[in-house]
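What the coordinates show
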Amino acid sequence: MFPAKIDSLSRPETVAETAALIASAGEDDVLPIAGGMSLMQAIKARVVRPGALVDLNDVEEIKGIKESASAVWIGAMTRYVDLASSDVLKNGAFGALSDAASHVGDRQVRNRGTIGGSLCWNYVAACVPVATLALGAELELISKSASGGSETRLVSIDDFIVGPMETSRRPQEILRCVTLVGPRKQIGSAYRKWGHVTDSLPVVGIGVRVVLNGDRSCKSARVAIGGLSRGSQRFHEAEKRLVGTSSKNPAAISDAFRSAAETLEIQSDAWASADYRKVLIEDLGTSVVLSAMARAGEAVR
Ligand SMILES: Cc1cc2nc3c(=O)[nH]c(=O)nc-3n(C[C@H](O)[C@H](O)[C@H](O)COP(=O)(O)OP(=O)(O)OC[C@H]3O[C@@H](n4cnc5c(N)ncnc54)[C@H](O)[C@@H]3O)c2cc1C
């Protein structure tokens, strides 16, 4: 299918230039395009009909992963392939994000798709929103201010993700970066998904970040789940029930997920029945927690 006519395509080289271009167009008429993996399908199906596109692919300042003592900075235009292969993210405290990126689609999608595109699209079963929710990421959004300069807004991932395909991003804002903060000692995270085929969106995906006590039992956990009708969401009941569990007793972790799943709104649809989704939640949840706990024991970089 061919897209409807698009009047203009711009290729800015800086975030400031991008924000100015977006501000100068009508609110709903201009869209940024990143990897194009979701947006181009929607444009071709004429579900979305922008008059103008602003291509982010030349904006070098929002590409890459940088590590400091207190945080990991990830530019919005960083592609899945780079997240999946990053030594900074692999394993340890932030492993959930490289797991999620390495699970996305097929090689072509991982070579084009970006962390920013995935978060701004926030598809109901997407992997990266679940992993970033589990990690408690911070997001930085930029827009052109009334005085002509740039306005920055910091938003926690919990406030950014509103519902399926809905975020708190304002129409003229560009997502600049995602920051992962917090201590890393005794902390591990992991993500896993299950789908009918490995290279497409999952039926259920689960991300977990655990903080361990000195005796290696769970001190606290952040758990997120995707693929349910409410889209990517925190799984608060599982977080409560995981406290005190340990890898020495996987059955207690399974029990925590089995009972916590009863508090979720779980749909039956063409992909899986609600009962089957509950089995997936218990199985994936247990294996993700065990991986996160194992990673929490690894040496801190
Ligand atoms: C075959 C196939 C299989 C897939 N399998 C999976 C899978 O297993 N798991 C999964 O999670 N996803 C999967 N996807 C979706 C994929 O992850 C998309 O790449 C992702 O949803 C969008 O990222 P993108 O960079 O391509 O963004 P685009 O499609 O370019 O943009 C998506 C939206 O975000 C906006 N946007 C992009 N960047 C910014 C920014 N910096 N600031 C503000 N707005 C921005 C755009 O305007 C648009 O509305 C699959 C896609 C395909 C085609």
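Scoring rules and cut-offs
Just so you know, the residues in each chain are numbered from 1, in the order the chain's sequence is written. Since the coordinates come from a predicted model, pLDDT governs what is reported: local features require at least 70, and pairs of side-chain atoms require 80 or more to be given and counted, while whole-chain, interface and lining totals use all residues. As a convention, hydrogens and water are excluded, and side-chain values are obtained from all of the structure's heavy atoms. Per the annotation, domain bounds derive from an automatic or database assignment of domains. Think of a nonpolar core as a cluster: buried Ala, Val, Leu, Ile, Met, Phe, Trp, Tyr and Cys residues, connected wherever their side-chain atoms sit within 4.5 Å. Between buried and exposed lies partly exposed: a residue is buried under 20% and exposed over 50% of the maximum accessible area for its type, with that area taken using a 1.4 Å probe on protein chains only. Strands are runs of DSSP state E lasting at least two residues, helices are runs of H or I lasting at least four, and both sets are numbered from the N terminus onward. Note on contacts: a residue pair qualifies if any of its non-hydrogen atoms lie within 4.5 Å across the two residues. Any residue with an atom within 4 Å of a point lines the site, the site being either a cavity, points on a 1 Å grid over the protein atoms alone where a 1.4 Å probe fits but cannot get out, or a pocket, an open set with protein on both sides within 12 Å along at least 5 of 7 lines. Grid points are joined across faces, edges and corners, and a volume is the space filled by probe spheres set on the points. Ten residues, namely Ala, Val, Leu, Ile, Met, Phe, Trp, Tyr, Cys and Pro, are considered nonpolar, four, namely Asp, Glu, Lys and Arg, are considered charged, and the remaining ones, Gly among them, are considered polar.

What about the domain arrangement of the chain?
Taken domain by domain, the chain comprises domain 1 (8-55), domain 2 (60-181) and domain 3 (187-300). Measuring from the centre of the C-alpha atoms in domain 1 to the corresponding centre in domain 3 gives 36 Å.

Brief notes about the nonpolar core
Grouped together as the largest cluster of nonpolar side chains are 37 residues, with contacts concentrated most on Ile74, Leu97, Leu119 and Leu180. Of all the elements, helix α7 (residues 127-135) adds the most residues to this core, at seven residues. Shared between two domains, this core holds at least three residues of each, these being domain 2 (60-181) and domain 3 (187-300). Not counting residues within four places of it along the chain, the set of residues in contact with leucine 119 comprises Val128, Pro129, Thr132, Leu139, Ile157, Phe160, Thr167, Leu175 and Val178. Judged by nonpolar contacts, the second largest core, of 32 residues, contains Val210, Cys218, Ala261 and Ala274.

Here we look at the layout of surface pockets
In this structure, the largest pocket spans a volume of roughly 1,300 Å³. Forming the boundary of the largest pocket are 49 residues, of which Ser38, Leu39, Gly117, Cys120 and Trp121 lie nearest the centre. Of all the secondary structure elements, the ones that give two or more residues to the lining of the largest pocket are β2 (30-33), α2 (39-44), α6 (115-121), α7, β9 (166-167) and β10 (174-181). When residues of the lining of the largest pocket are assigned to their parent elements, the largest contribution, five residues, is made by α6. In terms of residue class, the lining of the largest pocket is made up of 28 nonpolar, 13 polar and eight charged. One number sums up the size of the second largest pocket: a volume of about 250 Å³. Around the second largest pocket, the lining is made up of 14 residues, and of these Ala125, Leu201, Pro202, Val203 and Trp271 lie nearest the centre. Here the lining of the second largest pocket is built from residues that sort into eight nonpolar, four polar and two charged. Counting contributing residues per domain, the lining of the second largest pocket is built from domain 2 (60-181) and domain 3 (187-300), each supplying no fewer than three.

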